[in-house]
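Here is what each chain is made of, one letter per residue.
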Amino acid sequence: MPIHRATWHRLAPKNSIPGLPCPQCTPGKLKVVKDTLHVREPKYVQDWRGKNPDDWEPDFAVERWSATLRCDEPACGEFVNMIGDIEVVEVDLDLEDGLPSWGYQDVLRIQALFPVPPLFRISDNVPKPVKKQLEVAFRMFWTDTSACVSRLRTAVERLLDDQGVPKERLLTKGKNAGKMHRMDLHERIDSFTSGSAHKNQLQGLRNIGNLGTHGGDDVDDDDLFDAVNVLEFVLTGIYDTKTINAMADKLKGKKAQP
Ligand SMILES: [Zn+2]
């Protein structure tokens, strides 16, 4: 199912933490447990402001916070801890005289969650080494967009390992004939997907993962969400087709009651 992009913001107003999916159960959503949001200002910030009241600017604010979330499925009830700092953003205000104005507001910047909510539900049929990389990618989402897509690329490598795609091949032509050649990810994907619908999708993931690995600002959240959707689709195609076909066969074989 395509990711619901509006849920995945790293900034949240203090009274409106997004309803992220439960890491433990499929239908559950995480809700903040009452009175568990604790925001604290370090003493060194208080001291500095006290000594320099005329120099203080709203965006100098430094605060640390934590909150506990609980899954809203009664039979699950998983707890998730969320931590972060704050960011000062500009907001539109309506003054008493009716004139529009603007001001500053502290919002929560989410830095980490544990256990981490999944960017998509991983099928039980996906092998463990792939799953492990995906779970790291889900953690990286809150920290670094580039690192997240880079981990999605590593998940593609583990997928190829699982599918038995070789990492080396024997050269038969040219001056290096008879020698082994280490295949890069591009070659491994080509070898795995010759004639397959997944070729384009996996090469897309490889490319965006490479850009992520190089760091910088080349990869944005839209790329990340696109990569998540493409990878989920590929994993379903590779690991769940058998299950889906079995369901289709069952439906086809069902007869009307006499
Ligand atoms: Zn749950």
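What you see as residue numbers is a count from 1 along each chain, following the sequence as written. Thresholds applied to this predicted model are a pLDDT of at least 70 for local features of residues and 80 or more for the giving and counting of side-chain atom pairs; totals over whole chains, interfaces and linings are not thresholded and use all residues. The side-chain numbers reported here are obtained from all heavy atoms of the structure, hydrogens and water having been left aside.

On to the coordination of the zinc ion. At 2.3 to 2.4 Å from the zinc ion lie its protein donor atoms, namely C22 (SG), C25 (SG), C71 (SG) and C76 (SG). Metal-coordinating donors are taken as N, O and S atoms lying within 2.8 Å of the metal, or within 3.2 Å when the metal is Na, K or Ca; because water is left out, some sites can appear incomplete. Metal sites are grouped by the angles between bound donors: all angles between 85 and 135 degrees with four donors is tetrahedral, opposite donors over 155 degrees apart with the others between 65 and 115 is square planar for four donors and octahedral for six, and any other pattern is irregular. Coordination at the zinc ion comes from four donor atoms whose angles at the metal span 102 to 115°, giving a geometry best classed as tetrahedral. Sequence spacing among the residues donating to the zinc ion works out to C-x2-C-x45-C-x4-C. Linking C25 in the loop between strand 1 (11-12) and strand 2 (30-32) with C71 in strand 4 (residues 64-71), this pair joins segments that are 46 residues apart in sequence. Under the DSSP-based scheme used, a helix requires at least four consecutive residues in state H or I and a strand at least two consecutive residues in state E, with every element numbered from the N terminus.

A word on the pairing of strand 5 (residues 79-94). In this analysis, strands are considered paired if DSSP registers two or more bridges between them. Sheet analysis places strand 4 next to strand 5, joined by seven bridges and oriented antiparallel. Bridge pairing in strand 5 places L69 opposite V80. In terms of strand pairing, strand 5 meets strand 6 (residues 100-114) through 14 bridges, oriented antiparallel. Counted as the bridge partner of V89 is Q105 from strand 6. Between strand 5 and strand 6, which pair antiparallel one after the other, the connecting turn spans five residues, and G98 there sits at a positive phi close to 85°.

Right, let's talk about a negative patch on the surface for a bit. Residues enter patches when they are more than 30% accessible in relative terms and free of salt bridges; like-charged ones are connected within 9 Å and nonpolar ones (Val, Leu, Ile, Met, Phe, Trp, Tyr) within 5 Å. Surface accessibility follows the Shrake-Rupley procedure with a 1.4 Å probe radius. Residue values consider only the protein chains on display as shielding. A pairing counts as a salt bridge when a side-chain nitrogen of Lys or Arg comes within 4 Å of a carboxyl oxygen of Asp or Glu. Under the counting rule used here, the positive set is Lys and Arg, the negative set is Asp and Glu, and His together with the chain ends is not counted. Charged groups are reduced to one reference atom each: NZ for lysine, CZ for arginine, CG for aspartic acid, CD for glutamic acid. Together, D54, D55, E57 and D59 make up a region of like negative charge exposed at the surface. If you trace the backbone, D55 turns up in the loop between helix 1 (43-51) and strand 4.

Before going further, it helps to examine the packing of aromatic side chains. Whether two aromatic rings pair depends on their centres lying within 6.5 Å, for rings of Phe, Tyr and Trp, where Trp uses its six-membered ring; planes under 30 degrees apart make the pair stacked, over 60 edge-to-face, and the rest tilted. Enumeration according to the criterion identifies nine aromatic pairs in this entry. Considering the side-chain rings of W48 and F60, the 5.9 Å spacing of their centres and the 80° angle between planes classify their relative orientation as edge-to-face. Pair noted here: W48 is in helix 1 and F60 is in the loop between helix 1 and strand 4, with a separation of 12 residues, a long-range link. The criterion for a charge sitting over a ring is simple: Lys NZ or Arg CZ within 6 Å of the ring centre, and within 35 degrees of the ring normal. Above the face of the F141 ring, R10 is positioned so that its terminal group lies 4.1 Å from the ring centre.

This paragraph deals with unusual backbone geometry. Leaving glycine out, the prevailing phi sign among residues is negative, and the prevailing peptide bond configuration is trans. Note the cis peptide between F114 and P115, where omega equals -10°. With respect to the secondary-structure elements, P115 resides in the loop between strand 6 and helix 2 (128-140). Phi is positive for D35, which is not a glycine, with a value near 65°.

Looking at where V33 falls in the secondary structure, it is placed in the loop between strand 2 and strand 3 (38-40). For each residue, the accessible area found with a 1.4 Å probe, counting protein chains only, is set against the maximum for its type, and the residue is called buried under 20%, exposed over 50%, and partly exposed in between. A relative accessible area of 16% places V33 in the buried class. For the pair formed by V33 and L11, sequence separation is 22 residues and the distance between their alpha carbons is 19 Å.

Fitting a line to C-alpha atoms yields each axis, with helices limited to the stretch in contact; the angle taken between N-to-C directions then spans 0 to 180 degrees. In contact at an axis separation of 10 Å, helix 5 (residues 199-213) and helix 6 (residues 221-239) are set at 145° when each is read in the N-to-C sense. For the pair helix 5 and helix 6, the crossing hand works out as left-handed. Each of Q201, L202, L205 and I208 in helix 5 lies in contact with helix 6, whose residues at this interface are D223, A227, V230, L231, F233 and V234. For this scheme, ten residues count as nonpolar: Ala, Val, Leu, Ile, Met, Phe, Trp, Tyr, Cys and Pro. Four count as charged, namely Asp, Glu, Lys and Arg, and the remainder, Gly too, count as polar. Grouping the amino acids of the contact of helix 5 with helix 6 by side-chain chemistry returns eight nonpolar, one polar and one charged. Working rule for handedness: look at the near helix, and if it is turned counterclockwise from the far one by less than a right angle, call the crossing left-handed; if clockwise, right-handed. Note on contacts: a residue pair qualifies if any of its non-hydrogen atoms lie within 4.5 Å across the two residues.

On to the domain arrangement of the chain, then. What counts as a domain boundary in this text is fixed by an automatic or database domain assignment. Looking at the assigned domains, one finds that the chain contains domain 1 (7-117) and domain 2 (119-239). Taken together, the contacts link 15 residues of domain 1 with 12 residues of domain 2. Overall, the association of domain 1 and domain 2 removes approximately 1100 Å² of surface from exposure, summing both partners, and the carbon and sulfur fraction of that is 57%. When two components associate, each loses some accessible surface as probed by a 1.4 Å sphere; the sum of these losses over both components is called the buried area. Broken down residue by residue, the surface that domain 1 buries against domain 2 is led by W8, R10 and V116, which jointly contribute 59%. Summed over the shared surface of domain 1 and domain 2, the number is one salt bridge. Here R10 ties to D221 by a salt bridge, and the two come within 2.8 Å at their closest N and O atoms.

With two bridges connecting them, strand 1 and strand 6 associate as antiparallel partners. Looking at strand 6, one finds that L11 is bridged to R109.

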